[in-house]
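Read off the chains here:
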Amino acid sequence: AAGFQPRFEFQARLHDSGQKTFLGKTGALNGEDIVRIIMEQTATGRYITTRLWREFAYDDPEPAVIDRLVRTWESSGHNIREVVRAILSSDEFYSERAYRARVRGPIELFVGLVRALGIETDFRGASGSGGRGRGAYNAYAGMDQILFEPPNVAGWPGGASWLSSSTFFARVNFLDQLFFQRGRALALPALNTAATAEAVVDAALALLVDGDIATGSREAITAHAATIRDPQERAATVAYLVAGSPEFQLV
């Protein structure tokens, strides 16, 4: 599906050109006037900067953080790029609180794997092999996200809602489709050169979770990898296990 593609169109003959009052301002207001009045509101800057912070860092940002972002919002003439720049360059963005504070959305999960492991894909098939068709569509639908088709104008709720009992199993099934297309292990050049099970696990952990995973999980993955003799199957299996770990679900 192409999804909803809105288009703004002004029809003068249908426009009410009379006096109106909106948020305390009265006049022959048109659509641009309404937008301007909304943008002048203090609450608008706080709302937008808070939403952006939650999207990039964590929920419930400190008031001082939002105060600083609102100042950037106002001094830059309401420039979203400057606000995002301020977020990404802030100390709080690199703080312990921000580390793995967000749940990866389905698209983030897929793109994160593609970029980290160098998987060749056109994103139109779920196999990661450039396949076409509805494979990716069905996989994303199961994980509750289809690009350009949000559930409503507010977008996807995100956060912990990404990990329900059904959507988590959809993620696991997606990983199975990605790394074992038609029962065959996907070639992963980023991992296939590792000579030992320990080396494969270390490489996968470094690429996918910054090497930061529970000791027990590392040991269990390494022990299982040591039982697989085929290098390509071993690499795909390790990638599958790391990508399915709780640590990789967070970013």
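Residues numbered from 1 in each chain as written. Predicted model: local features only at pLDDT ≥ 70, side-chain atom pairs only at ≥ 80, totals over all residues. Heavy atoms only, no water.

Caption draft 1: Fine view of the confidence of the model for the protein. Confidence in the prediction of the protein, expressed as mean pLDDT, is 89, and 91% of residues score 70 or more. In the model of the protein, helix α6 (residues 135-142) stands out as the element of lowest mean pLDDT, 68, in contrast to helix α4 (residues 80-88), which has the highest, 98. Scored below 50 in pLDDT, residues 126-133 shows 26 contacts in the model against residues more than four places distant or in partner chains. (pLDDT = per-residue confidence, 0-100. Helix = DSSP H or I, 4+ residues; strand = E, 2+ residues; numbered from the N terminus. Contact = heavy atoms within 4.5 Å.)

Caption draft 2: Focus on helix α11 (residues 231-243). For α11, with 13 residues, the first-to-last C-alpha span of 18 Å sits near the 18 Å given by 1.5 Å per residue. The complete set of buried residues in α11 reads Arg 234, Ala 235, Ala 236, Thr 237, Val 238, Ala 239, Val 242 and Ala 243. Regarding α11, its N-cap is Asp 230, as a side-chain oxygen of that residue lies 3.3 Å from the backbone nitrogen of Gln 232 further along. (Expected span 1.5 Å × (residues − 1). Buried < 20%, exposed > 50% of the residue type's maximum accessible area, 1.4 Å probe, protein only. Polar contact = N/O pair within 3.5 Å; in protein donor to acceptor, adjacent residues only side chain to side chain.)

Caption draft 3: Focus on the packing of aromatic side chains. Counted by the stated rule, this structure contains 5 aromatic pairs. Arranged with centres 5.4 Å apart and planes meeting at 85°, the rings of Trp 53 and Tyr 58 form a pair that is edge-to-face. Taking relative accessible area as the criterion, Trp 53 reaches 0% and is therefore assigned buried. Aromatic side chains Phe 93 and Tyr 94 sit 5.1 Å apart centroid to centroid with 85° between the ring planes, which places their arrangement in the edge-to-face category. Over the ring of Phe 248 we find Arg 104, and its NZ or CZ is 4.0 Å from the ring centre. (Phe/Tyr/Trp six-rings, centres within 6.5 Å; stacked < 30°, edge-to-face > 60°. Lys NZ or Arg CZ within 6 Å of the ring centre and 35° of its normal.)

Caption draft 4: Expanded view of the layout of surface pockets. In this structure, the largest pocket occupies an estimated 650 Å³ of space. Glu 55, Trp 156, Pro 157, Gly 158 and Gly 159 are the residues nearest the centre of the largest pocket, which is lined by 22 residues in total. Mapped by element, the contributors of at least two residues to the lining of the largest pocket are α2 (42-56) and α5 (106-117). Ranked by the residues each element gives to the lining of the largest pocket, the list is headed by α2, at 4 residues. A per-class count over the lining of the largest pocket returns 11 nonpolar, 5 polar and 6 charged. (1 Å grid on protein atoms, 1.4 Å probe; cavity = no way out; pocket = protein on both sides within 12 Å on 5 of 7 lines; lining within 4 Å. Points joined across faces, edges and corners; volume = space filled by probe spheres on them. Nonpolar A, V, L, I, M, F, W, Y, C, P; charged D, E, K, R; others polar.)

Caption draft 5: Structural detail: the environment of Thr 42. Within the secondary structure, Thr 42 is located in helix α2. Among the residues examined, Thr 42 registers a relative accessible area of 53% and is labelled exposed. Between the alpha carbons of Thr 42 and Glu 74 there is a distance of 9.4 Å; along the sequence they are 32 residues apart.

Caption draft 6: Region of interest: the nonpolar core. One finds Leu 113, Leu 117 and Phe 179 to be the most contacted residues of the largest nonpolar core, which totals 39 residues. Taken together, the elements giving at least two residues each to this core come down to α5, α6, α7 (165-179), α9 (197-209), α10 (215-225) and α11. No other element matches the 7 residues that α9 contributes to this core. In this structure, Phe 179 is in contact with Leu 113, Leu 117, Ile 119, Arg 184, Ala 185, Leu 186, Leu 188, Ala 236, Ala 239, Tyr 240 and Ala 243, ignoring residues within four places of it in sequence. By size, the runner-up hydrophobic cluster in this structure holds 13 residues, among which are Ala 57, Ile 66, Trp 73 and Val 84. (Core = buried A, V, L, I, M, F, W, Y, C linked by side-chain atoms within 4.5 Å.)

Caption draft 7: Up close: the pattern of salt bridges. Under the defined criterion, the tally for this structure stands at 10 salt bridges. The partner of Arg 36 in a salt bridge is Asp 33, with the nearest N and O atoms 3.5 Å apart. A residue pair is termed a helical-turn pair when its members lie 3 or 4 positions apart in one helix, as Arg 36 and Asp 33 do in helix α1 (residues 31-40) at 3 residues. With relative accessibility at 19%, the residue Asp 33 sits in the buried group. Among the charged side chains, a salt-bridge network with shared partners connects Lys 25, Asp 33, Arg 36 and Glu 40. (Salt bridge = Lys/Arg side-chain N within 4 Å of Asp/Glu carboxyl O.)

Caption draft 8: The arrangement of unusual backbone geometry in detail. The phi angle at Phe 148 is positive, at roughly 70°, despite the residue not being glycine. Phi at Arg 182 takes a positive value of approximately 55°, unusual for a residue other than glycine. Looking at the secondary structure, you find Arg 182 in the loop between β3 (180-181) and β4 (184-185).

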